[in-house]
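Residue strings, one per chain:
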Amino acid sequence: MMALYFIVILLFMPVVISGQSVRDTVITTGVLREAVIVSNQMKLKPSEVGIRLDPLVLSKVPSIFGNKDIMKVVHYLPGVNNNSEGNVGVSVRGGDYDETFVSLDKIPLYNTGNLKGFISVFNPDIIGDTYFYKTAFPTEYGGRLSGVIDINSKSVYGGKINGSISIGTMLARASVSSKLNKNTAFILSGRVSYLSLLVMPIYRKITSDNDESIDLTTQVDGVEFYDVNGVVEHQFNSKHSIKGSIYSGNNINKITNDARERTYIFEGADITNWGNIGGSLLWNYKYSEKHHFSSYLYFSRYLKMDRLYQKSVTLTVLADSIFQKSKIAEQNIRNKIADIAAGMEARFVSGIHTFDYGWKYSMQFTGFKTDIFNKEAEYKNSKESILHNERSESDLSYYLHTLSLYADDELSIDDWLDLGIGSRFTLYANNGFMKMVPEPRIRFSIHPFTSIKDLSFKLSYSRMSQGVHQLIRGGVALESDMWTLANDKIPVNTSNQYSGGIYWDIYPDNKKCSFSLEGYYRSAQNVVDYMEGATYVKMENIADIVDVGEGKSFGVEGSVVKESGLTTWSISYTWGKSLDRYDNQNNGMWFYSKQDIRHNLSAWISQKLGKHFDVSASFVYKSGRYITLEDMYLPVFVTPAQSVENVFIASGINNYKLGDYHKLDLSANYYIFHKLGKSTINISINNVYNHHNTYKLWLIELPNKQGYELRSLCLFPFMPSLSYSFEF
């Protein structure tokens, strides 16, 4: 009880002497020059190389299935990669997905995808400003190595009831916001999908006559989700305010693969259920025009359950006897991570100094439970003879305490130089383990020409650390993920990033066109991955299946963004290389990372055609990603079964490169204005020219034991959609 009392005092003690939210406060220290859509309200430090995405940007990119997605917008930015079909995870400059911190109102979300990654967990009806960092990280951010996506819900203050309802081919959503009283307001929104109800039957009908179809509809039986957001704000007075936010969402995916012949029966199912739940409470206080504080609490939990089931039966009829051989393999995996945290952020402005400081404490929990069952039996005239019967179970849990202190000073030394210098000190600890990691940060912004004040050269160095790790197994089968924490056997990850570039706003008054070109080099230490040959069977400690290594990535990225009247467009390109090395893999030699995407080109354009109509298009091209493919097999005599079976092995780590990923999306909106509000009719086409972007690979044994054939699954082919929304 005393410990809880002490935490509460630490959390809210700054309120007695100061502040309002750092993000909600307008401080005249310069504007961010690299923003895709620039707002006059944005005031960030001149030396920072971040991007602020105004909610307006959501209306500029194609709205697939009537859903505007902030994570899709992030994917169009230079240096950002999403290297697989059906995944909204963000890889920044060669880092893994878990190395990007994604939060909503401070709540960290450990899986940001719905509907197999087709859309994100972020409902556009509730999204406000979004801040993205890939280098020159402010010291308030930590816990991840590569990137930060800080999403804030929109302000809910208004004079009357507002809301929207949207119904489309794939999902429906609704939101409502209003004042509860003079100083209190709320917003509530929700979404639900019905892909299996409407879309899947149509596509099954289209592909039913094609026995060799590799479309998703031949295997995917259920892909559904729901999510709910809620925000409440209360303004005590001109200095005090409090904000509460909640999120809850859940997904279920079911993929079946059945085959029936005269003497052979196969039944297979892959069922995945996952979801996020979280909540946060933020207390903002404005002590003076130059001194502001924000305190916060949050809770987050991610739970994923996988069930993989396979059963095969072979029949043989000899004379008056019937021989039946059956194999059953079942794998149940339950993976959970939870996060509880409290912290404080503050900003103080004095003369040429903008001083940020604060602290954060978090406690994370992970749980990993497996139940793996294999059985092989023979039947002669219904009499069973068991050849092999094995069950393996494990139940592992871990926790980690993390305490961070940070301070940062931005100095506007002269018209030609801005300097930011600071550090973050992070302590990681659990039972028998303690690690202190200093994380210095330094950044320069140089304006060499006084006549071109919107031209700047920026240099930065950032050191980051990470105590939470996501292990992703991806190859021939679907990817599976497992979260674990740093301990005495699994070290804390660290990274060092150096970057420099040129940034130019060509039309500074109206912010109509901006240009950027930047190079980077990033090294990572103590990166973790599955050990070669790792298995969950009889696992006693996650460290038993983890290998520790190092990584490095480097590249060049550029972008041109234009907002001019009725036309807005953006083009970005990244050339990057990413390598990994582990002592126990690939003979200790460097190999291409899963995130090695050599070429990444993204472009979008939006054109407004009068008051009632606009059209938009987007195009993405990315080099194929590397996966580990079990491309060799050896005949092995299995003693319990007294038979010879083929055992598949990989010829190397990440030895197979998938085909290049590219697609074109189109969207058109027609607006109807009336007394009750505004109606929007959206027509969109995903993957216009129906390119087969690989989501999953699997091996098919050819008839008469002639060998094996590699098949691929495209999750999102050509898919038109129609949606209607009403705003009031």
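Numbers given to residues run from 1 along each chain, matching the order in which its sequence is written. pLDDT decides what is reported in this predicted model: residues at 70 or higher carry local features, side-chain atom pairs at 80 or more are listed and counted, and totals for whole chains, interfaces and linings draw on all residues regardless. Neither water nor hydrogens contribute to the side-chain values; these are computed over all heavy atoms in the structure.

**Describing the overall build of the protein**
Helix and strand content of the protein: three helices and 41 strands. Restricting to contacts in the protein with at least 6 residues of sequence separation, those with at least 24 account for 65%. Computed by Shrake-Rupley with a 1.4 Å probe, the accessible areas treat only the displayed protein chains as cover when residues are assessed. Put simply, the protein shows about 31700 Å² of open surface, and 59% of that area lies on carbon and sulfur atoms. Helix and strand assignments come from DSSP, with helices taken as H or I runs of at least 4 residues and strands as E runs of at least 2, each series counted from the N terminus. Note on definitions: a residue-residue contact is assigned when non-hydrogen atoms from the two residues lie within 4.5 Å.

**Focus: the sheet that holds strand β8 (residues 127-133)**
Note on pairing: two strands pair once DSSP finds at least 2 bridges between them. The five strands are arranged β1-β8-β9-β4-β5 in an open sheet whose pairing can be described as mixed. Two strands lie at the open edges of the sheet, namely β1 (50-53) and β5 (107-108), each paired on one side alone. Sheet analysis places strand β4 (residues 100-104) next to strand β9 (residues 147-153), joined by five bridges and oriented parallel. For Ser103, the partnering residue across the bridge sits in β9 and is Asp150.

**Some remarks on unusual backbone geometry**
Phi is positive for Lys106, close to 80°, though the residue is something other than glycine. Mapped onto the fold, Lys106 is located in the loop between β4 and β5. Non-glycine residue Asn526 carries a positive phi angle of around 60°. Inspection of the secondary structure puts Asn526 in strand β27 (residues 513-530). Asn526 gets classed as partly exposed once you look at its relative accessible area, which sits at 29%. Only protein chains enter the area calculation, which uses a 1.4 Å probe; residues under 20% of their type maximum are buried, those over 50% are exposed, and those in between are partly exposed.

**Considering a nonpolar patch on the surface**
Any residue with relative accessible area above 30% and no salt bridge may belong to a patch, with like charges joined within 9 Å and the nonpolar Val, Leu, Ile, Met, Phe, Trp and Tyr side chains within 5 Å. Basic side-chain nitrogens of Lys or Arg form a salt bridge, by our definition, when they fall within 4 Å of a carboxyl oxygen of Asp or Glu. Residues Phe449, Ile452, Phe457, Trp504, Ile506, Tyr507, Phe515, Leu517 and Val556 make up a contiguous nonpolar surface patch of about 770 Å² in total accessible area. Positionally, Phe449 belongs in the loop between β22 (433-446) and β23 (455-466). A relative accessible area of 44% means that Phe449 is categorised as partly exposed.

**Here we look at the pairing of β4**
Of all five residues in β4, five are buried, a share of seventy percent or more. Side-chain alternation along β4 places Thr100, Val102 and Leu104 on one buried face and Phe101 and Ser103 on a second face that is also buried. In this sheet, β5 lies alongside β4 in antiparallel orientation, the contact comprising two bridges. In the sheet register, Leu104 faces β5, and the bridge partner there is Ile107. Here β4 hands over to β5 after two residues, with Asp105 in that stretch at a positive phi of 50°.

**Things to note about the nonpolar core**
Nonpolar side chains in soluble globular proteins tend to be buried together. Of all hydrophobic cores here, the largest spans 33 residues; its most connected members are Ile70, Val74, Phe122, Phe132 and Ile149. In terms of residues, this core owes the most to one element, helix α2 (residues 70-75), which gives four residues. In this view, Phe122 contacts Ile70, Met71, Val102, Leu104, Leu109, Thr112, Ile127, Ile151 and Arg191; residues no more than four positions away in its chain are not counted. Residue types Ala, Val, Leu, Ile, Met, Phe, Trp, Tyr and Cys, when buried and joined through side-chain atoms within 4.5 Å, form a set referred to as a nonpolar core.

**A few points about the environment of Phe323**
As for its placement among the helices and strands, Phe323 is situated in strand β18 (residues 321-350). Residues Phe323 and Ser382, spaced 59 residues apart in sequence, show a C-alpha to C-alpha distance of 8.4 Å.

**Quick look at the packing of aromatic side chains**
We describe a pair of aromatic rings using the distance from one ring centre to the other and the angle between the two ring planes. Two aromatic rings from Phe, Tyr or Trp, using only the six-membered ring of Trp, form a pair when their centres are within 6.5 Å; if the ring planes differ by under 30 degrees the pair is stacked, by over 60 it is edge-to-face, and anything between is tilted. The tally for this structure, following the rule as stated, stands at 11 aromatic pairs. When the ring of Tyr110 is compared with that of Trp483, the centres are 5.1 Å apart and the planes differ by 80°; the resulting orientation is edge-to-face. Of this pair, Tyr110 sits in the loop between β5 and β6 (113-114) while Trp483 sits in strand β25 (residues 480-485), and the two are 373 residues apart along the sequence. Here the aromatic rings of Phe554 and Trp575 are separated by 6.4 Å at their centres, their planes lie at 45°, and the arrangement is tilted. Of this pair, Phe554 sits in strand β28 (residues 546-564) while Trp575 is found in strand β29 (residues 567-582), placing the two residues 21 residues apart along the sequence. Of the residues examined, Phe554 reaches a relative accessible area of 28% and is grouped as partly exposed. An aromatic cluster is present here, built from Phe293, Phe355 and Tyr357 joined pairwise through their rings. It is Lys106 that lies over the ring of Tyr296; its NZ or CZ is 5.1 Å from the centre. Comment: the charge-over-ring label is applied if NZ (Lys) or CZ (Arg) is within 6 Å of the ring centre and within 35 degrees of the ring normal. Just above the ring of Trp590 sits the side chain of Lys552; from NZ or CZ to the centre is 4.5 Å.

**So, the pattern of salt bridges**
A side chain with one charge may pair with a side chain of the opposite charge, provided their charged atoms come close. This structure, assessed with the given rule, holds 23 salt bridges. Ionic pairing is found between Arg173 and Asp125, a salt bridge with its closest N-O pair at 3.0 Å. One end of the pair, Arg173, is in strand β11 (residues 171-179); the other, Asp125, is in the loop between β7 (119-120) and β8, with 48 residues separating them in the sequence. Asp125 shares its class with Arg173; the two are buried. The salt bridge partner of Glu410 is Arg443, with a shortest N-O separation of 3.3 Å. Within this pair, whereas Glu410 is found in strand β20 (residues 383-414), its partner Arg443 is found in strand β22, the two being separated by 33 residues in sequence. We note that Glu410, like Arg443, is buried. Residues joined by salt bridges that share partners form a network here, namely Arg93, Lys134, Glu518 and Glu557.

**Considering the pairing of β29**
As paired elements, β29 and strand β31 (residues 599-608) share nine bridges and run antiparallel to each other. Residue pairing in the sheet places Ser570 in a bridge with Trp604 of β31.

**Concerning the environment of Asp395**
Its location among the elements puts Asp395 in strand β20. Excluding its chain neighbours within four sequence positions, the residues that come into contact with Asp395 are Phe368 and Lys369.

**Brief notes about the side chain of Ser572**
Structurally, the position occupied by Ser572 is in strand β29. N or O atoms within 3.5 Å of each other form a polar contact, as long as, within protein, one can give a hydrogen and the other can take it, and as long as residues adjacent in sequence are counted only when both atoms are side-chain atoms. In terms of polar contacts, Ser572 uses its side chain to reach the backbone carbonyl oxygen of Tyr76, at 2.7 Å. Excluding its chain neighbours within four sequence positions, the residues that come into contact with Ser572 are Tyr76, Leu77, Pro78, Gly558, Ser559, Asn600, Leu601 and Ser602.

**As for the environment of Leu664**
Mapped onto the elements of the fold, Leu664 is located in strand β37 (residues 661-674). When its relative accessible area of 25% is taken as the criterion, Leu664 is described as partly exposed. Taking the C-alpha atoms as reference, Leu664 lies 7.0 Å from Asn686; in sequence the two are 22 residues apart. In this view, Leu664 contacts Ser618, Phe619, Ile685, Asn686, Asn687, Val688 and Tyr689; residues no more than four positions away in its chain are not counted.

**Some thoughts on the confidence of the model for the protein**
Averaged over the protein, the pLDDT score is 82; the fraction of residues at 70 or greater is 85%. Each residue carries a pLDDT score, the predictor's own confidence in it, on a scale running from 0 to 100. Between the elements of the protein, mean pLDDT differs from a low of 35, seen in helix α1 (residues 2-17), to a high of 95, seen in β5. Scored below 50 in pLDDT, residues 1-42 shows 109 contacts in the model against residues more than four places distant or in partner chains. Between residues 206-218, whose pLDDT stays under 50, and residues either more than four places distant or in other chains, the model counts 22 contacts.

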